[in-house]
Amino acid sequence: MNDLVEVRAGVYRDSVSLMRVSRALTARPGVSVALVAMATGLNVEMARDLGFAVPATATPGDLLIAIRAGDEDELTAAAADLELRLSERAAGPGAGGTGPGVLPRTTRSAARSAEATVALVSVPGEHAFAEAMDAVEAGLSVMVFSDNMPVEQEILLKDRAGERGVLVMGPDCGTAVIGGAGLGFANVLRPGPVGVVAASGTGAQQVTSLLDLAGVGVGHVLGVGGRDLSAEVGGRSTVQALRALDADPATELIVLISKPPAPEVARAVRDCVFGDGGLAKPVVVALLGPGQDDLTAAAEKALSALGVPVPEWPHWPAPQTAQTLGSARASRDTQRGPLYGLYSGGTLCTEAELIARTMLGTDRGPGSGTAQPPGFGTTQPSGFGMARFVDFGADEYTRGRAHPMIDPALRLEALAAVDRGVVLLDVVLGHGADPDPAASLAPALAQAAGRGVAAVVALVGTDGDPQGLRAQAARLNEAGAAVFTSNAAAARHAARLAVP
């Protein structure tokens, strides 16, 4: 094996771009490992654990490159590919400064030179607060894609934004749409009269994708971060975003989406929406929790409020061969379960778990399996009943590695370990996500079917997405999976398969 290790001082690239470069290089023939990342302590430790000799002089402000290939020619070719990819991402005219090609040194100077109204912050979580506050002080609304920001900093940031009359979307805001332009993970949506406020990226993607499939467009998706409706943050950005959409003349209907909120915050937000002096425009509320509407039901309520017929959501039943294999395996066991949920979207995971546990009669709440390691498929520990769910997009799985919507490696490892029962997965399409998720997932699903595992896929996307919704569905279906465009429908189907 041949290694290339470089530390480039003072060279910065955002983490999402570098994750994509790393994945592209790893996919090259002969390359066994490729890590291209900022030289944070975690990334340096990861590289050393992989056997790379990283210089002690590396600092978080440096770019770390670590590539391992089978021979010198393969390593040279990978290095050339790396330079091409880095130069492509760095190319473009200067955004400010004293001359062509001179880049601004701060967020505030960039805002002045570009006449911007929104900033997107995607840096390691420990540095996100300073950059986001710089944007707020420059009078910009800001989308904080970064996660792992301390909640105290989030509160300070949102309070200052309220004083400045701008909106903070995030931290850990994976999805936003501003005037039809998608930021972060974003589906291709037709323009239209619906505005969305979401403390959930994949929840927003599910609802807006269903609306798009029904022919209804979306103007804005204002993500507020997964903690905004927590007791600590208190819905600061949610209330501000709701009022902004209420004042927007192009928005006719608002949809509010969240993973399970703190009860007292949910009450306060409902008072803001429906109480005295509340919003003038109609609002459909989808705050996930026991006894509450699921995301598909919320989308259907939005369609009804707009006078649009609710369609039959596209789905593809499992091929007969896969059904036969699953039935044969189930007949040898006392029960068809357990049900394993392997999710990339946190809210989709929560929704599916709520549905499955209700149907299966288990008494543990959602999130009970989110901290478990991959490779759990061969053992069913006590206390999890018939269902066990893991959110591979949770912070503990994304530190130092790409989000599972980009890199499927951890989920594929977990899927390979499932040797009985039913497996339920989400596949989220759109810009920013894996350009061809079926390429790696379809073979793994076919192997699972060969082991007698019944597979169900919740496919979230639109016909305009670059991956091709129906082409992806066909390939996943041909591999043996039942495919649903409604995550709620997929969860119900999977739970029915798991019932003894």
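Owing to the predicted nature of the structure, the values given are computational and were not obtained by experimental measurement. (Residues numbered from 1 in each chain as written. Predicted model: local features only at pLDDT ≥ 70, side-chain atom pairs only at ≥ 80, totals over all residues. Heavy atoms only, no water.)

K.L.:
Describe the overall build of the protein chain, listing the residues and the values that go with them.
P.N.:
The secondary structure content of the protein chain amounts to 17 helices and 18 strands. Looking at the protein chain residue by residue over its 500 residues, the buried ones come to 54%. A fraction of 74% describes how many contacts in the protein chain between residues 6 or more apart in sequence connect residues 24 or more apart. Accessible area for the protein chain stands at about 20100 Å²; split by element, carbon and sulfur atoms hold 54% of it. (Helix = DSSP H or I, 4+ residues; strand = E, 2+ residues; numbered from the N terminus. Buried < 20%, exposed > 50% of the residue type's maximum accessible area, 1.4 Å probe, protein only. Contact = heavy atoms within 4.5 Å. Areas by Shrake-Rupley, 256 points an atom, 1.4 Å probe, with all protein chains shown as cover.)

K.L.:
Before we move on, could you go through the sheet that holds strand β3 (residues 63-69) and cite the residues and values that matter?
P.N.:
As summarised here, the arrangement of the three strands in space is β1-β3-β2, forming an open sheet in which the pairing is antiparallel. Strands with a single pairing partner mark the edges of an open sheet, and in this sheet they are β1 (2-8) and β2 (31-38). In this sheet, neighbouring strand axes are inclined to one another by 5° on average, regardless of whether the strands run parallel or antiparallel. Here β2 runs beside β3; their pairing, made up of seven bridges, is antiparallel. Counterpart to L35 in the pairing with β3 is A66. This element, helix α1 (residues 15-26), spans β2 and β3 of the sheet and lies at about 165° to β2. Sheet strands touched by helix α2 (residues 41-49): β2 and β3. Its angle to β2, the strand with the most contacts, is close to 160°. (Pairing = 2+ DSSP bridges. Axes fitted to C-alpha atoms, helices over the stretch in contact; angles between N-to-C directions.)

K.L.:
Which residues make up unusual backbone geometry, and what values go with them?
P.N.:
Here the bond from G170 into P171 is cis, since omega is 5°, no more than 30 degrees from zero. As for its position among the elements, P171 is in the loop between β6 (168-169) and β7 (175-178). Of note in this structure, N148 is not a glycine but carries a positive phi near 60°. Its place among the elements puts N148 in the loop between β5 (141-144) and α6 (151-164). A relative accessible area of 33% means that N148 is categorised as partly exposed. Positive phi values are uncommon outside glycine, yet D172 reaches one of about 60°. If you trace the backbone, D172 turns up in the loop between β6 and β7.

K.L.:
An account of helix α10 (residues 295-305) is needed here, citing residue identities and associated values.
P.N.:
Of the residues making up α10, those classed as buried are L295, T296, A297, A298, A299, A302 and L303. Near the N-terminus of α10, the side chain that reaches the backbone nitrogen of T296, with its oxygen 3.1 Å away, is that of D294. Where α10 terminates, the next one or two residues include G307, which has phi positive at roughly 75°. (Polar contact = N/O pair within 3.5 Å; in protein donor to acceptor, adjacent residues only side chain to side chain.)

K.L.:
Explain the side chain of Q205 to me, and be specific about the residues and the numbers.
P.N.:
Inspection of the secondary structure assignment puts Q205 in helix α7 (residues 201-213). For Q205, a relative accessible area of 2% translates into the label buried. In this structure the side chain of Q205 is engaged in a polar contact, spanning 3.5 Å, whose partner is the side chain of T175. Among residues more than four places away in sequence, those in contact with Q205 are T175, F185, A186, N187, M405, V428, L429 and V460.

K.L.:
So what's going on with empty space enclosed by the protein? Residues and values would help.
P.N.:
All told, the structure shown has four cavities of 30 Å³ or more when counted by the stated rule. Estimated volume of the largest cavity: approximately 150 Å³. What lines the largest cavity is a set of 13 residues, among which P404, P408, R411, D434 and P437 lie closest to the centre. For the lining of the largest cavity, the secondary structure elements donating two or more residues are α14 (409-417), β16 (422-428) and α15 (437-450). Residue composition of the lining of the largest cavity, by class: eight nonpolar, two polar and three charged. (1 Å grid on protein atoms, 1.4 Å probe; cavity = no way out; pocket = protein on both sides within 12 Å on 5 of 7 lines; lining within 4 Å. Points joined across faces, edges and corners; volume = space filled by probe spheres on them. Nonpolar A, V, L, I, M, F, W, Y, C, P; charged D, E, K, R; others polar.)

K.L.:
Provide a residue-level description of the side chain of H220, including the pertinent values.
P.N.:
By the secondary structure assignment, H220 is in strand β10 (residues 218-223). Here D248 takes part through its side chain, which lies 3.4 Å from a polar atom of the side chain of H220. Those residues within four positions of H220 in sequence are excluded, and the remaining contacts are V177, I178, G179, V194, G195, V196, L245, D248 and T251.

K.L.:
So what's going on with the packing of α6 against helix α8 (residues 236-246)? Which residues, and what values?
P.N.:
Where α6 contacts α8, the two axes come as close as 10 Å, and the packing angle between them is 30°. The orientation of α6 with respect to α8, classified from their angle, is roughly parallel. Here α6 runs over α8; the crossing is left-handed. Between α6 and α8, the contacting residues are I155, K158, D159, A161 and G162 on the first element and R236, S237 and Q240 on the second. Grouping the amino acids of the contact of α6 with α8 by side-chain chemistry returns two nonpolar, three polar and three charged. (Parallel < 35°, antiparallel > 145°, perpendicular 65-115°, else oblique. Left-handed = near helix turned anticlockwise from the far one by under 90°.)

K.L.:
Can you tell me about helix α17 (residues 487-498), naming the residues and giving the values?
P.N.:
Residues three or four positions apart in an α-helix share a direction because the helix packs 3.6 residues into each turn. Taking 1.5 Å per residue as the helical rise, α17 with its twelve residues ought to reach 16 Å, and the 16 Å between its terminal C-alpha atoms agrees with that figure. Listed in full, the buried residues belonging to α17 are N487, A488, A490, A491, A494, A495, L497 and A498. (Expected span 1.5 Å × (residues − 1).)

K.L.:
Give me the nonpolar core: which residues, what numbers.
P.N.:
Judged by nonpolar contacts, the single largest core of 118 residues is most densely connected at L211, L339, F389, L424, L445 and L476. Residues within four places of L476 in sequence aside, it is in contact with V427, A438, L441, A442, L445, V457, L459, A481 and V483. V121, V123, A135 and L140 belong to the second-largest nonpolar core, a separate cluster that totals 17 residues. (Core = buried A, V, L, I, M, F, W, Y, C linked by side-chain atoms within 4.5 Å.)

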